[in-house]
Amino acid sequence: MFIQIPADMDEVQLRQLQLQKLGEDVSEDDVIRQGVLDTFQTFLDQIEDGHYDTAKWQAEQLIVIDILGKQTATVAPMSDSFLTDFRTNAEATQQYLEQQAERAAGGR
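We now turn to the structure provided with this report.

Basis of the calculations
Residues numbered from 1 in each chain as written. Predicted model: local features only at pLDDT ≥ 70, side-chain atom pairs only at ≥ 80, totals over all residues. Heavy atoms only, no water. Helix = DSSP H or I, 4+ residues; strand = E, 2+ residues; numbered from the N terminus. Expected span 1.5 Å × (residues − 1). Buried < 20%, exposed > 50% of the residue type's maximum accessible area, 1.4 Å probe, protein only. Arc of directions from axis to C-beta. Polar contact = N/O pair within 3.5 Å; in protein donor to acceptor, adjacent residues only side chain to side chain. Pairing = 2+ DSSP bridges. Axes fitted to C-alpha atoms, helices over the stretch in contact; angles between N-to-C directions. Contact = heavy atoms within 4.5 Å. Core = buried A, V, L, I, M, F, W, Y, C linked by side-chain atoms within 4.5 Å. Parallel < 35°, antiparallel > 145°, perpendicular 65-115°, else oblique. Left-handed = near helix turned anticlockwise from the far one by under 90°. Nonpolar A, V, L, I, M, F, W, Y, C, P; charged D, E, K, R; others polar.

The first and last C-alpha atoms of helix H4 (residues 90–105) sit 22 Å apart over 16 residues, in line with the 22 Å expected at 1.5 Å per residue. Within H4 the residues assigned to the buried category are Ala90, Thr93, Tyr96, Leu97, Gln100, Ala101, Ala104 and Ala105. One side of H4 holds all its buried residues, which, seen down the axis, span an arc of 165°. The N-cap of H4, judged by a side-chain oxygen 3.2 Å from the amide nitrogen of glutamate 91 a few residues on, is asparagine 89. Looking one or two residues past H4, glycine 106 carries a phi angle of roughly 60°, positive in sign.

As structure tokens, then:
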């Protein structure tokens, strides 16, 4: 089984091992950060029925950039960081990201 977007800490560790076998030196934090970004982007794309907005990291927040390059939304973590959020409760973090993607899409 190849993990694309980890859904919990067990899958984070599996994803980290998979990437290391491919020669990529990534930390657990790197895998979580990419997983949070990918999860949010996936929700955003599903809600918008396509890839119209792009999520990016800006410090410890996610920002949403529209197709014209304008920042349209900011998503802050529930705690001090998304790393802490994910480690504490991955499922709640995913639910939060889905809610925030709906807010960021703004009914588009």
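The phi dihedral of aspartate 49 is positive, around 55°, even though this residue is not glycine. Within the secondary structure layout, aspartate 49 lies in the loop between helix H2 (28–47) and strand E1 (54–58). Even without being glycine, alanine 59 reaches a positive phi, approximately 60°. On the accessibility criterion, alanine 59 (64% relative accessible area) is exposed.

What follows concerns the sheet that holds strand E2 (residues 61–65). The sheet built from three strands is open, its strands ordered E1-E2-E3 with antiparallel pairing. Single-partner strands in this sheet number two, and they are E1 and strand E3 (71–75). Strand-to-strand, the axes of this sheet are offset by a mean angle of 30°, without reference to chain direction. Bridging between E1 and E2 involves five bridges; their strand directions are antiparallel. Residue pairing across strands places alanine 55 opposite valine 64, the latter belonging to E2. Against the sheet, H2 touches E1, E2 and E3, its axis set at about 150° to E1.

Turning to the nonpolar core, a few remarks are in order. Grouped together as the largest cluster of nonpolar side chains are 24 residues, with contacts concentrated most on Val36, Phe40, Leu44, Leu62, Phe82 and Leu97. Elements that contribute at least two residues to this core include exactly helix H1 (9–21), H2, E2, E3, helix H3 (82–88) and H4. Among the elements that line this core, the one with the most residues is H2, at seven residues.

Right, let's get into the packing of H1 against H2. Helix-helix packing: each pair is described by the crossing angle between the helix axes and the interaxial distance. In contact at an axis separation of 9 Å, H1 and H2 are set at 110° when each is read in the N-to-C sense. Looking at the two axes, H1 sits roughly perpendicular to H2. In the packing of H1 onto H2, the handedness of the crossing is right-handed. Touching Met9, Val12, Gln13, Arg15, Gln16 and Leu19 of H1 are Glu28, Val31 and Ile32, all from H2. Here the contact of H1 with H2 is composed, by residue class, of five nonpolar, two polar and two charged.

A word on H1. The terminal C-alpha atoms of H1 lie 18 Å apart, and with 13 residues this matches the ideal 18 Å at 1.5 Å per residue to within 8%. Where H1 begins, the side chain of aspartate 8 points an oxygen toward the backbone nitrogen of aspartate 10, at a separation of 3.1 Å. Count one or two residues on from H1 and you reach glycine 23, which has phi positive near 90°.

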